[in-house]
Amino acid sequence: MTIVHLQTELAPANNQLAAYVHFRTDSPVTFTYTVAARAGSPGTPGSIPFTYTLDQWTTGKDGIIKVPVMGLYARYANEVRIIFTEQNGNVAYDSTLIISTEAQTYRDETIFHLDIEQTDPALFTSVWGNSWLMTTFCDGYDRNGDLRCYYSAPYRNQMLRTHDGYFYIGSDEEEHWYARRFFKIDILGNPVLEFTLRDENGNAYTNTHDVVWDSAGNLYMIGSDFPDRSTNTMRQDAWILKFNDKTGEMLWRKNFTAEFDNTSILNNSGTNDVHFNSLSHIPSGNNVSEAIIVHTRSASLTFGISPDDGHILWSADTGNYNPTFAQSLSAPRLDTSAITDRDNGAHTVFVTQNPYFKDKTDISAGKFVLSLFNNRSCVGADGKAVVRPISTPATEAASSALPVQVLFYAVDLAANTVTQTGAAVSLPQTRVPQITDFMGAVFDYGDYYTVFTNAARSFFIIDPTGHVIATIYDVISALHGYPEFPGECYRARLFSEDELQSLITTAFTLA
């Protein structure tokens, strides 16, 4: 058989540290490529090669195979070894190509290498593995701290969500906090699908904060109609939009303005700011309805809604200052009186899959655990949340943000209870106070969690008890971020090796 290298196409889409390498073949093959570790990299000998293997036979499209090479080093003549194998096991092609990124330009604030503190060196390599640390600006770093993913036109308000090998991302065309357009893309940055952010009446919406999927694969999005939050009775960030993930069609939308009548919000929130910021999901079980779990930062509330039409199934006043939420509804209000450390402007309130909590998890019986990045955003001298009515302007009441916590809440829908499980997890304060009024994230990562403290620009890998495996300070530049908040980005987390491999396989399938 014959394999012929036709051309190399550097940065064919938004990801500057990726390439398509084109080959012609006349028989089915599979391939493996390795981006060799960079000689002289900061931190050497820790430089990390990047390898991908296609686990299916292919002849490409019309005999042309476009190999999506990921993980190139910036400003470097990369050595990429590509091996094609025939079905009989023979190696049909084995050659090393040079793919140079030396002529590329980057944003002034780009960080090309992160210093990673191996807080637990015995565990570090096995826990981080071949994952990449990804920021919401789509800068990705390997275990050595080297930049391996870089989008030339960064998107804003990025969820850092992938699903079935696709990356989901908003635009940065108009309102930098809100995406007027929303896309499913491949990891190279090629748009695959644009979601329709207009309803059948022509009303426009923006995407913000988070997305999640139900058991049928439909996508749910936090949205806004972007009103003037100080005067408009349609409250800010109070929409949930449901989409067909295959077509981008909006299936339904629901505004929760009325449910927040007579509620309170944190005093550092804007007037009429509902501020949904987290979406999670539980499947149906025995006498348990499938639910999309919604969290609101400003009101510190968590509630479940039906995938069918968005009606509220249950609610939990996790902040303990909104006993009147949705008071006209018959949906159960879960008892949160046993919680010790209260939700105060939390982010990334997600159902955790960490096996550490397996004794408290039985979805079929309505039992699950929520992990929270608790911002402790607006706290008074008495340690309680400083709040005011949602429709009134902010007051002069004294408050401060305290060092963040990671909390775990055990939910039992059959018993109608939410309890705190374990003590609040604190983060090291010795170098940088881990304080961030707004934003930040905690994400599942196998048996561990990744934690990003936004304003502190710090990243941690911890176990559920708070033992720190790795620490990175200054994850992004002090110049990089939103205009109002220099040196900040919305989220950061590790993309696992399996996740990266899935993203590359999808990129190959689409090429």
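Before any of the text, the structure's been laid out above.
What counts, and where the lines are drawn
- Residues numbered from 1 in each chain as written.
- Predicted model: local features only at pLDDT ≥ 70, side-chain atom pairs only at ≥ 80, totals over all residues.
- Heavy atoms only, no water.
- Helix = DSSP H or I, 4+ residues; strand = E, 2+ residues; numbered from the N terminus.
- Rg over C-alpha atoms; globule rule 2.2 N^0.38 Å.
- Buried < 20%, exposed > 50% of the residue type's maximum accessible area, 1.4 Å probe, protein only.
- Arc of directions from axis to C-beta.
- Expected span 1.5 Å × (residues − 1).
- Contact = heavy atoms within 4.5 Å.
- Polar contact = N/O pair within 3.5 Å; in protein donor to acceptor, adjacent residues only side chain to side chain.
- Pairing = 2+ DSSP bridges.
- Core = buried A, V, L, I, M, F, W, Y, C linked by side-chain atoms within 4.5 Å.
- Salt bridge = Lys/Arg side-chain N within 4 Å of Asp/Glu carboxyl O.
- 1 Å grid on protein atoms, 1.4 Å probe; cavity = no way out; pocket = protein on both sides within 12 Å on 5 of 7 lines; lining within 4 Å.
- Points joined across faces, edges and corners; volume = space filled by probe spheres on them.
- Axes fitted to C-alpha atoms, helices over the stretch in contact; angles between N-to-C directions.
- Lys, Arg positive; Asp, Glu negative; His and termini not counted.
- Phe/Tyr/Trp six-rings, centres within 6.5 Å; stacked < 30°, edge-to-face > 60°.

*Asks:* What is the right way to read the overall build of the protein chain from this model?
*Replies:* Regarding its fold elements, the protein chain presents two helices and 37 strands. Against the compact-globule benchmark of 24 Å for 511 residues, the protein chain has a radius of gyration of 24 Å, which places it among compact chains. Seen through its C-alpha atoms, the protein chain measures out along the principal axes to roughly 70 × 55 × 45 Å. Out of the 511 residues belonging to the protein chain, those deemed buried represent 59%.

*Asks:* What should I look at first to understand helix α1 (residues 121-128) in this one?
*Replies:* Each turn of an α-helix holds 3.6 residues, which means side chains three or four residues apart point in the same direction. Along α1, the residues that are buried comprise F124, V127 and W128. Viewed end-on, α1 has its buried residues packed into an arc of 90 degrees, placing them on one side of the element. Relative to its buried face, α1 has exposed residues pointing more than 90 degrees away, namely A122 and S126. Of the residues trailing α1, G129 is marked for its positive phi of about 60 degrees.

*Asks:* Explain helix α2 (residues 497-510) to me, please; I cannot follow it from the model alone.
*Replies:* Over its 14 residues, α2 extends 20 Å from the first C-alpha to the last, a length consistent with the 20 Å expected when each residue adds 1.5 Å. Buried within α2 we find E499, L500, Q501, L503, I504, T506, A507 and F508.

*Asks:* I'm lost on the environment of S300 in this one. Help?
*Replies:* By secondary structure assignment, the location of S300 is in the loop between β22 (291-296) and β23 (301-305). Considered as a pair, S300 and L133 are 167 residues apart in the sequence and their alpha carbons are 28 Å apart. Those residues in contact with S300 that lie beyond four places of it in its chain are L266, H295, D317, T318, G319, Y321, D343, N344 and G345. A distance of 3.2 Å separates the side chain of S300 from the backbone nitrogen of G345, its partner in a polar contact.

*Asks:* Please explain the pairing of strand β16 (residues 206-213) as it appears in this structure.
*Replies:* Along any regular strand, the residues point their side chains to alternate faces of the sheet. Most of β16 is tucked away: eight of the eight residues are buried. Linking β16 back to strand β17 (residues 219-224) in an antiparallel pair, the connection comprises five residues, with G217 at a positive phi of about 90 degrees.

*Asks:* Help me out: how do you make sense of the nonpolar core in this one?
*Replies:* Most often, soluble globular proteins keep nonpolar side chains buried together rather than apart. Residues Y33, F84 and L133 are the most contacted members of the largest nonpolar core, which totals 69 residues. In this view, L133 contacts L114, W128, D139, G140, Y141, F459, I472, V475, A492, R493 and L494; residues no more than four positions away in its chain are not counted. Of all hydrophobic cores here, the second largest spans 23 residues; its members include F303, I305, F325 and A326.

*Asks:* So what exactly am I meant to see when it comes to the pattern of salt bridges here?
*Replies:* Between side chains of opposite charge, a pair can form when the charged atoms approach closely. One pass over the full model with this rule turns up 16 salt bridges. The salt bridge partner of R81 is D94, with a shortest N-O separation of 2.6 Å. Pair noted here: R81 is in strand β6 (residues 77-86) and D94 is in strand β7 (residues 91-100), with a separation of 13 residues, a long-range link. Given a relative accessible area of 40%, R81 falls into the partly exposed group. On the accessibility criterion, D94 (42% relative accessible area) is partly exposed. The partner of E194 in a salt bridge is R181, and the shortest N-O contact between them spans 2.6 Å. On the criterion of sequence distance, the pair formed by E194 in strand β15 (residues 191-194) and R181 in the loop between β13 (166-170) and β14 (182-185) is long-range, its members being 13 residues apart. Linked by salt bridges that have partners in common, R107, E109 and D139 make up one network.

*Asks:* Would you mind showing me how to read the environment of R388 here?
*Replies:* Relative to the elements of secondary structure, R388 occurs in strand β28 (residues 387-389). Judged by its relative accessible area of 2%, R388 falls in the buried class. Through-space distance from the C-alpha of R388 to that of Y178 is 25 Å; in sequence the pair is 210 residues apart. Residues within four places of R388 in sequence aside, it is in contact with T263, S264, I265, L266, N267, N268, S269, G270, T271, P393, A394 and T395. Looking at R388, its side chain comes within polar contact range of the main-chain oxygen of N267, at 3.1 Å.

*Asks:* Any chance you could explain the layout of surface pockets here in plain terms?
*Replies:* The gaps of empty space that remain are located by a probe, the size of a water molecule, rolled over the atoms. Put simply, the largest pocket is a space of about 720 Å³. Lining the largest pocket are 21 residues, with R161, V351, Q353, F443 and D444 positioned closest to its centre. Examining the composition of the lining of the largest pocket, we find that four residues originate from one element, strand β31 (residues 441-445), more than from any other.

*Asks:* I tried to follow the sheet that holds strand β37 (residues 492-495) on my own but got confused; where do I start?
*Replies:* Sheet strands pair via backbone hydrogen bonds, and the direction of the pair is either parallel or antiparallel. Pairing is antiparallel across the open sheet formed by four strands, whose spatial order is β11-β10-β9-β37. Each of the sheet's edge strands pairs with one partner strand only, and the pair in question is β11 (147-149) and β37. Of the strands in this sheet, β9 (132-135) and β37 are in contact with α2, which crosses β37 at around 75 degrees.

*Asks:* Is there a simple way to think about the side chain of D120 in this case?
*Replies:* With respect to the element layout, D120 can be found in the loop between β8 (116-117) and α1. For the buried D120, no salt bridge exists, and the shortest N-O distance to an oppositely charged side chain is 13 Å, to R143. Look past the residues within four positions of D120 in its chain and what remains in contact with it is H467, V468 and I469.

*Asks:* Could you clarify how one ought to interpret the packing of aromatic side chains in this entry?
*Replies:* For any pair of aromatic rings, the description rests on two quantities: the centre-to-centre distance and the angle between the ring planes. Taken as a whole and judged by the stated rule, the model has 32 aromatic pairs. Arranged with centres 5.5 Å apart and planes meeting at 70 degrees, the rings of F31 and F508 form a pair that is edge-to-face. Here F31, found in strand β3 (residues 29-35), pairs with F508, found in helix α2; they are 477 residues apart in sequence, far enough to count as distant. Residues F31 and F508 agree in their burial class; the two are buried. Ring geometry for F303 against F325: centres 5.2 Å apart, planes inclined by 40 degrees, an arrangement best described as tilted. Taken as a pair, F303 in strand β23 and F325 in the loop between β24 (312-316) and β25 (333-334) lie far apart in primary sequence, 22 residues in all. Considered together, F303 and F325 belong to a single accessibility category, that of buried residues. Members of the aromatic cluster, connected to one another through ring pairs, are F23, F31, Y33, Y52, F84, Y93 and F508.

*Asks:* Please explain unusual backbone geometry as it appears in this structure.
*Replies:* Most peptide bonds adopt trans geometry, and most residues besides glycine take a negative phi value. At C138, a position not held by glycine, the phi torsion is positive, near 65 degrees. Along the polypeptide, C138 turns up in the loop between β9 and β10 (140-141). On the basis of relative accessibility, which here comes to 0%, the residue C138 falls in the buried class. Of note in the backbone geometry, D164 takes a positive phi value of approximately 55 degrees without being a glycine. Looking at the element boundaries, D164 is found in the loop between β12 (161-163) and β13.

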